[in-house]
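Reading the structure
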Amino acid sequence: MLYVRFPLSLRNVEDLLHERGVDVSHETIRFWWHRFGPLFAAEIRKRRIEGMRSSRWRWHLDEMFVRINGERHYLWRAIDHEGEVLESFVTKTRDRKAALKLLKKAMRRHGRPEVIVTDRLRSYGAALKEIGASQRQETGRWLNNRAENSHLPFRRRERAMSRFRRMRSLQKFAAVHASVSNHFNHDRSLSSRPHFKANRAAALAEWRGLCAE
DNA sequence: TTCGTCCTTTGACAAAACCA
DNA sequence: TGGTTTTGTCAAAGGACGAA
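Under an unreviewed UniProt entry, the name given to chain A is Putative transposase, and the organism recorded is Albidovulum inexpectatum. UniProt lists a comment for chain A under the heading Function (unreviewed entry), and it reads "Involved in the transposition of the insertion sequence."

Have a look at this one:
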């Protein structure tokens, strides 16, 4: 959890744990998050979906560049109007097929949204047409800030991580990171401090519950 | 005992980040 | 620009532990 949630390297986490009396190697940390990260992420996602009100009527779709060994890849994400990450995955191309995959994945899990906000990339139009929802699309230079903003934590992490070495782990990390940051990031600025504290305590307690199982 | 399985450690590596 | 440090990753070996 330390590794995924904070911009720490594997060796940073090793040292942190050492301070707390846990003696493990950096390789073990890596092993742990590969092994258990996806499990936790899936569990968090499942619980969130169960407890979700049907208020996610507007989606924001977005893609971003990620460089792996000098090769260009694209990280696709679907975000709801509250800034919560619904879906994310990695492809090598930026075309209709990738956009379509994103849409289908998200819709299978969350149902159809009323409005879909995208940037001006034509692939979205083509993909939406294919599933017969083109009238629900809204594009705009500024409309999609919601999605762009949610890249920030990810970018910060990417820098500390000295870029991703393999597509496989980027995919995994994107999924786990989305779930974990959804779980812990309640809006600090909008809610009062005691309210935020209560939320954070609840999130932590729930996390401990997940670990104990 | 001897396997087999599942984790952990170790040491090395190349790529990226950093710094002057 | 070029050298140094830091990064995630890998292969190989080690170790704990239960089953046969």
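A closer look at the overall build of chain A
Helices and strands together make up the secondary structure of chain A, namely nine helices and five strands. Written out in order from the N terminus, the α and β elements of chain A read α-α-α-β-β-β-α-β-α-β-α-α-α-α. In chain A, the proportion of contacts linking residues at least 24 apart, taken out of those at least 6 apart, comes to 56%. Total accessible area on chain A stands at roughly 12,400 Å², and carbon and sulfur atoms take up 49% of it.

Observations regarding helix 2 (residues 10-19)
What helix 2 keeps buried is the set Leu10, Val13 and Leu17. Projection of helix 2 onto a plane perpendicular to its axis shows the buried side chains occupying an angular sector of 60 degrees, all on one side. Exposed and oriented more than 90 degrees from the buried face of helix 2 are His18 and Glu19. Directly after helix 2, the chain includes Gly21, whose backbone phi takes a positive value near 85 degrees.

Let's talk about a nonpolar patch on the surface
Among the surface-exposed residues, Phe31, Trp32, Phe36 and Leu39 lie close enough to one another that they form a single nonpolar patch of about 400 Å² accessible area. Structurally, Trp32 can be placed in helix 3 (residues 26-50). Judged by relative accessible area, which is 35%, Trp32 ranks as partly exposed.

Comments concerning the environment of Leu86
Along the polypeptide, Leu86 turns up in strand 3 (residues 85-91). Taking C-alpha positions, Leu86 is 8.9 Å from Arg45, a pair spaced 41 residues apart along the chain.

Some remarks on the nonpolar core
With 19 residues, the main nonpolar core has Tyr3, Val4, Val13, Ile29 and Val180 as its most contacted residues. Listing elements by their share of this core, those giving two or more residues are helix 1 (2-5), helix 2, helix 3, helix 8 (167-184) and helix 9 (193-212). Tallying contributions element by element places helix 3 first for this core, with five residues. Core analysis: the next-biggest nonpolar cluster, separate from the first, contains 18 residues, Leu100, Leu102, Met107 and Ile116 among them.

A look at the confidence of the model for chain A
Per-residue pLDDT for chain A averages 70, and the proportion of residues at 70 or more is 62%. Ranking the helices and strands of chain A by mean pLDDT puts helix 2 first, with 83, and helix 6 (residues 145-149) last, with 55.

Brief notes about the pattern of salt bridges
Under the definition given, this model contains one salt bridge. Put simply, Arg30 and Glu27 hold a salt bridge, and the shortest N to O gap is 3.0 Å. Residue Arg30 and its partner Glu27 are located together in helix 3, separated by three residues, close to a single helical turn. You can call Arg30 partly exposed: its relative accessible area is 36%. On the basis of relative accessibility, which here comes to 41%, the residue Glu27 falls in the partly exposed class.

Description of helix 4 (residues 96-110)
In a regular helix each residue adds 1.5 Å, so 15 residues correspond to 21 Å; helix 4 covers 21 Å between its end C-alpha atoms and thus fits that length. What helix 4 keeps buried is the set Ala98, Ala99, Leu100, Leu102, Leu103, Ala106, Met107 and His110. Downstream of helix 4 by a residue or two, Gly111 has a phi angle that is positive, lying close to 80 degrees.

Some thoughts on the environment of Leu100
Mapping Leu100 onto the fold places it in helix 4. For Leu100, a relative accessible area of 8% translates into the label buried. Considering only alpha carbons, one finds Leu100 and Ser123, 23 residues apart in sequence, at a separation of 8.4 Å.

Quick notes on the environment of Leu16
Along the polypeptide, Leu16 turns up in helix 2. For Leu16, a relative accessible area of 27% puts it in the partly exposed group. Through-space distance from the C-alpha of Leu16 to that of Leu2 is 9.1 Å; in sequence the pair is 14 residues apart.

So, how was this worked out
- Residues numbered from 1 in each chain as written.
- Chains lettered and ligands numbered in written order.
- Predicted model: local features only at pLDDT ≥ 70, side-chain atom pairs only at ≥ 80, totals over all residues.
- Heavy atoms only, no water.
- UniProt positions renumbered as here; feature names shortened; annotations may be inferred.
- Helix = DSSP H or I, 4+ residues; strand = E, 2+ residues; numbered from the N terminus.
- Contact = heavy atoms within 4.5 Å.
- Areas by Shrake-Rupley, 256 points an atom, 1.4 Å probe, with all protein chains shown as cover.
- Buried < 20%, exposed > 50% of the residue type's maximum accessible area, 1.4 Å probe, protein only.
- Arc of directions from axis to C-beta.
- Patch = residues over 30% accessible without salt bridge, like charges linked within 9 Å, V, L, I, M, F, W, Y side chains within 5 Å.
- Salt bridge = Lys/Arg side-chain N within 4 Å of Asp/Glu carboxyl O.
- Core = buried A, V, L, I, M, F, W, Y, C linked by side-chain atoms within 4.5 Å.
- pLDDT = per-residue confidence, 0-100.
- Expected span 1.5 Å × (residues − 1).

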